[in-house]
Amino acid sequence: MYIYTSEQIKAADQLAEKRGMSTFSLMENAGCGLYHAICPYLSTNQKLLIASGKGNNGGDGIVLARYLKMAGFEVDLIFPLGEPKTGVAKQHLHYYEQCGFPVEEWNPNQTYDVIVDALLGVGAILPLQESLVEWIKWMKSMKATIISIDVPTGISSNSGVVDQNAIKADYTFSLHGYKPSRFLFPSSHFYGQVEVVDIGLPQKSNWRVWTEKDVQKSWVKRETNAHKGLFGTGLLIAGSHEMPGSAALAASSAMRFGIGKLTVNTTQHASAIIGPIVPEVTFLYHTYEELVRSEWKNRRFTCAAIGPGLDPTDDLEKLVTYLLKQNVPLILDAGAIQSRSYPRGEKPIILTPHPGEFSRLLQLSTKEIQENRIELASEYAVTHHVILILKGEYTVIAFPDGTGYINTTGNASLAKGGSGDALTGMLLASIEGNDCVKAAVLNAVYIHGVCSDEWVRKYSEHTFVSSDFSSLLPMICKSFEKE
Ligand SMILES: NC(=O)C1=CN([C@@H]2O[C@H](COP(=O)(O)OP(=O)(O)OC[C@H]3O[C@@H](n4cnc5c(N)ncnc54)[C@H](O)[C@@H]3O)[C@@H](O)[C@H]2O)[C@@H](O)CC1
Ligand SMILES: Nc1ncnc2c1ncn2[C@@H]1O[C@H](COP(=O)(O)OP(=O)(O)O)[C@@H](O)[C@H]1O
Ligand SMILES: [K+]
């Protein structure tokens, strides 16, 4: 489940070539792998068209055409942009023809059930050429099932940028690994159902998808003689007169997700609302200044989260600056997400912006953020030595060492006030319950999403509310515990 930029794909090809694995062989692997992956979606009574481009994406289409022909499928191979230009694609076309298979001319009057888009892959340069646009318009009018090879033609592979005439695939079969645009916007919505086809190259990338297996492997079971002191003494600075619920949601998720002890610093009014929801927590009613002056030193908190339900003020900023010096894991959310510098300590500092907050932080439009979520999050995490969780569909989790992960759980039922507060609470608990910081963060994000996935399996996606995390977490967490 690795993610590769177009540059990384080219580098992997070159390295393979240097080590004796020719691009010709890789293309054979690609075409053969594609054949086996695509076959289950096809039937021999369908009329198939493979439209190949001039580069190696087109070459993959040629190899696929040969395998399909050999298996008895009715398939036409055409070159809407002209015949192949790369040496390996030419070689494969030669072999295809030597096998006795023809190349067809594009016939706009012919109809097809399935069209394979092997026009452009990771070598695409946008915008699309005029000569392609006419052909794509015809293809769209066909109402056939569209299968794209590697990347749907007309979308970028590294960014979310989409050409106005881009092909919207029903299925995309990506070679070697995912391409970043699979998880960016608006490009991800052009991929359809995605499968990765292995082509025999070793997997190595600093970006990948966090999976159920990863959660299972890194799940920490409690020792039989465990005591509450082992799972953190957290301080949650959250909730205001106007937004008391955010603290309640963060606190209840933190308790449910396993934190040992939790103190909430909030207002008297907010605590009257939080207390009945989470009777397990204790309260402090300090001003930010008072917290800085005394409380922290006396209490021995082992981790903190700040921001849900708080407005960004100068006093809050002073408190954040103070907390950043305390060398404990710190989660900065909502009102605590501001532009500032961060110390290079051993304890993790975690920022949880949604695209709007990240856009304010970077002074970029949300469109630019969404098109480049992975790259921008990673740059920020590395430059500022923080863990950056860029929320939304396909949440991006970037680490200061340049590695990163995409989360694929969660759905639009989470698009409701309070979901982010619950995540903050879960992160706080997770970071104290797992010695591996990466696993702690990734598992919290993953399970936060799984809760909403479980909800929509049974109920309407409109009806999920953040208080539901509390009743879903016991069952979801149980499913990850090894017997
Ligand atoms: N390691 C891997 O993943 C491998 C990938 N292969 C395939 O090779 C592809 C990359 O091949 P290439 O680097 O040759 O690149 P592509 O085949 O993606 O595209 C390059 C060709 O398209 C033309 N082109 C670019 N932008 C265009 C536009 N806007 N309008 C019209 N024409 C345009 C270029 O002039 C060039 O001829 C991958 O996507 C994959 O399908 C395999 O064949 C080999 C191994
Ligand atoms: N369409 C979606 N698909 C997956 N996850 C989503 C979607 N919409 C929202 N989320 C998740 O819900 C949470 C929303 O957080 P946030 O916007 O901070 O909410 P709030 O501030 O109201 O608590 C994030 O974890 C985000 O990833
Ligand atoms: K393609």
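Reading guide: rules and limits
- Residues numbered from 1 in each chain as written.
- Chains lettered and ligands numbered in written order.
- Predicted model: local features only at pLDDT ≥ 70, side-chain atom pairs only at ≥ 80, totals over all residues.
- Heavy atoms only, no water.
- UniProt positions renumbered as here; feature names shortened; annotations may be inferred.
- Pairing = 2+ DSSP bridges.
- Helix = DSSP H or I, 4+ residues; strand = E, 2+ residues; numbered from the N terminus.
- Axes fitted to C-alpha atoms, helices over the stretch in contact; angles between N-to-C directions.
- Salt bridge = Lys/Arg side-chain N within 4 Å of Asp/Glu carboxyl O.
- Buried < 20%, exposed > 50% of the residue type's maximum accessible area, 1.4 Å probe, protein only.
- Near = heavy atom within 4 Å.
- Polar contact = N/O pair within 3.5 Å; in protein donor to acceptor, adjacent residues only side chain to side chain.
- Areas by Shrake-Rupley, 256 points an atom, 1.4 Å probe, with all protein chains shown as cover.
- Nonpolar A, V, L, I, M, F, W, Y, C, P; charged D, E, K, R; others polar.
- Core = buried A, V, L, I, M, F, W, Y, C linked by side-chain atoms within 4.5 Å.
- Domains from an automatic or database assignment.

An unreviewed UniProt entry lists the protein chain under the name Bifunctional NAD(P)H-hydrate repair enzyme, with Oikeobacillus pervagus as the source organism. As stated in UniProt under Subunit (unreviewed entry), the record for the protein chain gives "Homotetramer."

Details of the sheet that holds strand E7 (residues 207–209)
Within the open sheet, the 10 strands sit side by side as E7-E16-E15-E14-E13-E12-E11-E8-E9-E10. Their pairing is mixed. Every other strand in the sheet has two partners, leaving E7 and strand E10 (282–284) as the edge strands with one partner each. Here the average twist between neighbouring strands, direction ignored, is 20 degrees. Relative to strand E14 (residues 387–390), strand E13 (residues 349–351) runs parallel, the two being bridged by 2 bridges. Among the inter-strand pairings, Ile350 is bridged to a residue of E14, identified as Ile387.

Looking at the pattern of salt bridges
Taken as a whole and assessed by the stated rule, the structure comprises 13 salt bridges. Of the charged contacts, one joins Glu28 and Arg66 as a salt bridge, the two residues approaching to 2.5 Å between their closest N and O atoms. Linking Glu28 in helix H2 (residues 23–38) with Arg66 in helix H3 (residues 56–70), this pair joins segments that are 38 residues apart in sequence. We note a salt bridge from Asp401 to Lys438, for which the minimum N-O separation is 2.8 Å. Here Lys438 lies in helix H15 (residues 437–458) and Asp401 lies in the loop between strand E15 (396–398) and strand E16 (404–406), a separation of 37 residues in the sequence. Owing to a relative accessible area of 51%, Asp401 belongs among the exposed residues under this scheme. Taken together, the salt bridges that share partners define one network made up of Lys47, Glu74 and Asp76.

Describing unusual backbone geometry
Cis geometry is adopted by the peptide bond preceding Pro127, which originates at Leu126 and carries an omega value of 5 degrees. Relative to the assigned elements, Pro127 resides in the loop between strand E3 (114–118) and helix H5 (130–141). Note the cis peptide between Phe185 and Pro186, where omega equals 5 degrees. In this structure, Pro186 sits in the loop between strand E5 (171–175) and strand E6 (193–197). Backbone geometry at Gln363 places phi at a positive 60 degrees, although glycine is not the residue there. The backbone of His385 shows a phi angle near 50 degrees, a positive value even though the residue is not glycine. Mapping His385 onto the fold places it in the loop between helix H13 (373–384) and E14.

Examining the site of ligand 2
Not every one of the 18 residues close to ligand 2 is listed here, only the nearest: Lys391, Gly392, Thr395, Gly418 and Gly420. Within the backbone of Gly420, one N or O atom sits 2.7 Å away from an oxygen atom of ligand 2. In the complex, the protein chains occlude 78% of the 580 Å² of accessible area that ligand 2 would expose alone. Ranked by residue count, the leading element in the shell around ligand 2 is helix H14 (residues 419–433), at 4 residues. A breakdown of the residues in the shell around ligand 2 according to their chemical character gives 4 nonpolar, 10 polar and 4 charged.

Things to note about the pairing of strand E8 (residues 233–237)
Counting buried positions along E8 yields 5 of 5 residues, so the element is predominantly enclosed. The alternating pattern of E8 places Thr233, Leu235 and Ile237 and Gly234 and Leu236 on opposite faces, both of which are buried. Sheet topology places E8 next to strand E9 (residues 261–265); 5 bridges connect them, and they run parallel. The partner of Leu236 across the bridge, within E9, is Val264.

Re the nonpolar core
Ile237, Ile306, Leu332, Leu351 and Ile406 are the most contacted members of the largest nonpolar core, which totals 55 residues. Per element, the largest residue contribution to this core is 6 residues, and it comes from helix H10 (residues 314–324). Residues lining this core come from more than one domain, with at least three contributed by each of domain 1 (6–205) and domain 2 (212–480). The next biggest cluster of nonpolar side chains, apart from the first, holds 53 residues, and it includes Val264, Leu414, Phe469 and Phe480.

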